[in-house]
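Spelled out, the chains give:
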Amino acid sequence: MSFTAGVVAVQGDVSEHAAAIERVARAHGEEVTVREVRESGVVPDCDWLSMPGGESTTISRLLQREGIAPEVRDHVAAGKPLLATCAGLIVASRDANDDRVEELGVLDVTVDRNAFGRQVDSFEAPLDVTGLDEPFPAVFIRAPVVEEVGDVEVLAEWDGRPVAVRDGPVLATAFHPELTDDVRIHELAFSPERAVVE
Ligand code: GLN
């Protein structure tokens, strides 16, 4: 089978996400075409979607301005997988507690944008994640804190706070799985059997 994956390329670790997606597809013997998403019209062609970290205010503003935001909502409503990392999690959330962020509302959580960042700018921690046999080396950079969770599955916690959650086809992390060689989070998000392909 062959898949099309989109990486929201407004800002952030775009090539790292693309590389991780390609490795997951290869490991499963699948073909994948990765497309960068900068304007409307690309997301409707994508089976998988990834929304990297960066600055959530900038990313959400551009998603709205370019008309990509409703396409991402449709993607999720169709049950197609979305991996949202760090700023991507903030943008995907129901409420980012910041007027400068226009949330997509596809992930039933509220967040505090820079909560970990206020304590310590960045750190790495081995994280137990539901669905993974071994701890995941999680890199946190000015990471958001998930404050309230609605109808989501919490896959990992750090310091008593959710840092990886799943809401149907949406998998979101407060950390940056694309910044390690470990592609198991991408694999969890995009296991080919989850993808909607004809
Ligand atoms: N805290 C940043 C924001 O609000 C996200 C940081 C990140 O993506 N590394 O957008």
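These notes cover the structure that comes with them. Starting afresh in each chain, residues are numbered from 1 along the sequence in its written order. With the structure being a predicted model, the display of local features is reserved for residues of pLDDT at least 70 and the display and counting of side-chain atom pairs for 80 or more, all residues being used for whole-chain, interface and lining totals. Excluding hydrogens and water, the side-chain values take into account all heavy atoms of the structure.

**Here we look at the sheet that holds strand β1 (residues 2–8)**
Item 1. Two strands are said to pair when DSSP picks up at least two bridges between them. Secondary structure elements follow DSSP: runs of H or I of four or more residues count as helices, runs of E of two or more count as strands, with numbering from the N terminus. An order of β2-β1-β3-β4-β12-β11-β10 is seen for the 7 strands of this open sheet, with the pairing classed as mixed. The open sheet is flanked by β2 (31–37) and β10 (153–158), the only strands paired with a single partner. In this sheet, neighbouring strand axes are inclined to one another by 15 degrees on average, regardless of whether the strands run parallel or antiparallel.
Item 2. As defined by bridge partners, strand β11 (residues 161–167) adjoins strand β12 (residues 170–173) across 4 bridges and the pair is classed as antiparallel. Bridging across to β12, D167 finds its partner in V170. Lines are fitted to the C-alpha atoms to define the axes, a helix being fitted only along its stretch in contact, and any angle between axes, read from their N-to-C directions, falls within 0 to 180 degrees.

**Some thoughts on the side chain of E178**
Item 1. Note on placement: E178 falls in the loop between β12 and α6 (184–190).
Item 2. Buried within the structure, E178 lacks any salt-bridge partner; its nearest side chain of opposite charge belongs to R142, at an N-O separation of 11 Å.
Item 3. One polar contact links E178 to H17, side chain to side chain, over a distance of 3.4 Å.
Item 4. Between N or O atoms, a polar contact is any pair within 3.5 Å; within protein, one atom must be a potential hydrogen donor and the other a potential acceptor, and residues adjacent in sequence are included only when both atoms are from side chains. Among the polar contacts made by the side chain of E178, one reaches the side chain of H176 at a distance of 2.8 Å.
Item 5. In what follows, residue pairs with any heavy atoms lying within 4.5 Å of each other are defined as contacts. Excluding residues within four positions of it along the chain, E178 makes contact with D13, E16, H17, T85 and H186. Any residue under 20% of the maximum accessible area for its type is buried, any over 50% is exposed, and the rest in between are partly exposed; the area is computed with a 1.4 Å probe on protein chains only. The convention is simple: Lys and Arg are positive, Asp and Glu are negative, and His and the chain ends are not counted. Throughout this description, the term salt bridge denotes a Lys or Arg side-chain nitrogen within 4 Å of a carboxyl oxygen of Asp or Glu.

**Quick notes on the nonpolar core**
Item 1. Among the nonpolar cores identified, the biggest contains 32 residues, and M51, L63, L82, L104 and L107 are the most heavily contacted of them.
Item 2. Broken down by secondary-structure element, the contributors of at least two residues to this core are β3 (48–51), α2 (56–65), α3 (69–77), β4 (82–85), α4 (87–92), β6 (107–112) and β12.
Item 3. Among all residues touching L104, those that are not within four sequence positions of it are M51, L63, A69, V72, R73, V91, A92 and S93.
Item 4. Counting 30 residues, the second-largest nonpolar core is a separate cluster that includes A5, W48, F123 and L155. Side-chain atoms within 4.5 Å link the members of a nonpolar core, which is a set of buried Ala, Val, Leu, Ile, Met, Phe, Trp, Tyr and Cys residues.

**A word on the site of the ligand**
Item 1. In the vicinity of the ligand, the residues found are G53, G54, E55, S56, C86, A87, I90, R113, N114, I141, R142 and H176.
Item 2. Taking S56, its main chain carries an N or O atom lying 2.5 Å from an oxygen atom of the ligand.
Item 3. Within the backbone of R142, one N or O atom sits 3.0 Å away from a nitrogen atom of the ligand.
Item 4. Protein coverage of the free-state accessible area of the ligand, which is 300 Å², stands at 98%. Distances are taken per atom, and a residue is near a molecule or strand as soon as one of its heavy atoms is within 4 Å of it. The method behind every accessible area is Shrake-Rupley, applied with a 1.4 Å probe, and residues are considered shielded solely by the protein chains displayed.

**Some words on the sheet that holds strand β9 (residues 145–149)**
Item 1. The strand order β5-β6-β9 describes an open sheet built from 3 strands, whose pairing is mixed. Two strands close off the open sheet at either side, each with one partner strand: β5 (93–95) and β9. In this sheet, neighbouring strand axes are inclined to one another by 55 degrees on average, regardless of whether the strands run parallel or antiparallel.
Item 2. The sheet contact formed by β5 and β6 spans 2 bridges and is parallel. By the bridge assignment for β6, D95 is matched with T110.

By themselves, these are just geometric observations and shouldn't be taken as functional.
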